[in-house]
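Each chain, letter by letter, is given below.
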Amino acid sequence: MGYLTQDILGDGLIRTQLRQLGGTPTTKGMTLRVDYVGRLKDGTIFDSSIARGQPFDFTLGSGQVIAGWDLGLNGVGLGDVVKLSIPAALAYGNKATGGIPAGSDLDFEVTLWAYADTNGAKFANYETFGLPSYWLEYFRSTNTITESKLGLDGNDTLKASGTGAIILGLKGADLLIGSASADLIDGGDDDDNLQGGDGSDLLFGGKGNDIISGEKLNDEIYAGDGNDFIHAGNGKDVITGGDGSDEIWGDFGWNTYKADNDNVKDLIVIKSDQWLVNPIYGTAGNSPNGEKCDIIESLELVDRLKIVGVDTTELTFATARAHDLNGIGIYAKGALEALYIGTELNLGQLQSITSGDGSTAARANQVYQYGLA
């Protein structure tokens, strides 16, 4: 699914919105800072500020640029990306210049990074793209950001090429892939696939029915609205399903499942750290005294719990204490696997929504998804 819109601006000039954030539109007399790529109609690139590593500044409507730019970039919002399809008459006409043959129709992809008027300058930043400043500050406090990837309004594939990336999918059904270091990944709208990589990642599903994989180390996952499917991966993860019917796998390690009271059925799947072989260690028996016991902060009677690696008949329930918290413990063959610390359910109710899976496939780590039917 895409969100591309086109405006016919007259005299054959067409503006296609590749990313539209809804910010204050540009007006004549503003100084704009843009990045651009210029192409001939056969796709040949004849100019690119990105290749030079130097954004371009000009005053809108002053005649400093070709007429197609003055007309086409009027009314564009901060952070927007547009494609301008410009007829020769609004470009260089019958004059050949800089690798552009005479009489050429041109295409430009332009990103508006900043503008200035009599009220001062305004620059696109992460908040422009919907990322709350407190999350950025939190992430920056412990991590180094080396690159940013920003999606358009279509279906993007964005992959970190270095270490320490911020990847924002924005609109569209996106595939977003992190690096081996800590990344901040936000899917935005629509049904996204987020893959955190091997670092301690901060993952936001946003709206839509998302697939979120934390992979290794200690991740924080916020699935957002929609029916989401989450695998947190190995590590000490904190997971919030958000509104919607979610299937949440903490996978191995001490995980915390945050409150998610939306009156909709969720499935929390807990892998037994004691009875399943953790591929990282190559052995089972990794939580004999509840060291990797998961914490469940809140539940509803419509929710379901699944303990993978043991049969339902091998589960027992009793008051317990783990990680300096008190609650109802879920034991798998005597090993403490999870601690429910909420107040919504009593022991009998918790037992009624909990089942095990001791099948051959489950014991071999070959079950990946159950579904919520």
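Residues numbered from 1 in each chain as written. Predicted model: local features only at pLDDT ≥ 70, side-chain atom pairs only at ≥ 80, totals over all residues. Heavy atoms only, no water.

Draft legend 1. A look at the nonpolar core. Counting residues in hydrophobic clusters, the biggest one holds 40 residues, and the most contacted among them are L32, W69, L73, I86, F108 and V110. Listing elements by their share of this core, those giving two or more residues are strand 3 (31-40), strand 6 (81-86), strand 7 (106-117), helix 3 (133-142), strand 11 (165-168) and strand 15 (202-204). Of the residues forming this core, the biggest block, five residues, is contributed by strand 7. Excluding residues that lie within four positions of it along the chain, W69 makes contacts with V34, Y36, F56, F58, L60, L84, I86, F108 and V110. Counting 33 residues, the second-largest nonpolar core is a separate cluster that includes I221, I296, I330 and A338. (Core = buried A, V, L, I, M, F, W, Y, C linked by side-chain atoms within 4.5 Å. Buried < 20%, exposed > 50% of the residue type's maximum accessible area, 1.4 Å probe, protein only. Helix = DSSP H or I, 4+ residues; strand = E, 2+ residues; numbered from the N terminus. Contact = heavy atoms within 4.5 Å.)

Draft legend 2. Main features of the side chain of T354. Counting through the fold element by element, T354 comes out in strand 28 (residues 354-357). A distance of 2.7 Å separates a polar atom in the side chain of T354 from the backbone oxygen of L350. What T354 contacts, discounting residues up to four positions off in sequence, is L305, I307, T312, L315, F317 and I330. (Polar contact = N/O pair within 3.5 Å; in protein donor to acceptor, adjacent residues only side chain to side chain.)

Draft legend 3. Geometry of the packing of aromatic side chains. Inspection of the entire model under this criterion finds 11 aromatic pairs. Look at F58 and W69: their rings are 5.6 Å apart centre to centre, the planes differ by 55°, and that puts the pair in the tilted class. Residue F58 is located in strand 5 (residues 56-59), and its partner W69 is located in helix 2 (residues 67-72); the two are separated by 11 residues in the primary sequence. Per residue, the accessibility class of F58 equals that of W69, and both read buried. Through successive ring pairs, a cluster of aromatic residues spans Y36, F46, F56, F58, W69 and F108. Here K236 stacks its cationic end above the ring of W254, 3.8 Å away from the centre of that ring. (Phe/Tyr/Trp six-rings, centres within 6.5 Å; stacked < 30°, edge-to-face > 60°. Lys NZ or Arg CZ within 6 Å of the ring centre and 35° of its normal.)

Draft legend 4. Summary view of the environment of K83. Note that K83 resides in strand 6. A relative accessible area of 33% places K83 in the partly exposed class. For the pair K83 and W69, spaced 14 residues apart in sequence, the C-alpha separation works out to 11 Å. Setting aside residues no more than four positions away along its own chain, K83 makes contact with I14, R15, T16, L18, D107, F108 and E109.

Draft legend 5. Quick peek at the pattern of salt bridges. Applying the stated criterion across every chain yields a total of nine salt bridges. Where R363 meets E314, a salt bridge forms, and the shortest distance between an N and an O atom there is 3.7 Å. Linking R363 in helix 5 (residues 360-363) with E314 in the loop between strand 24 (304-308) and strand 25 (315-322), this pair joins segments that are 49 residues apart in sequence. On the basis of relative accessibility, which here comes to 36%, the residue R363 falls in the partly exposed class. (Salt bridge = Lys/Arg side-chain N within 4 Å of Asp/Glu carboxyl O.)

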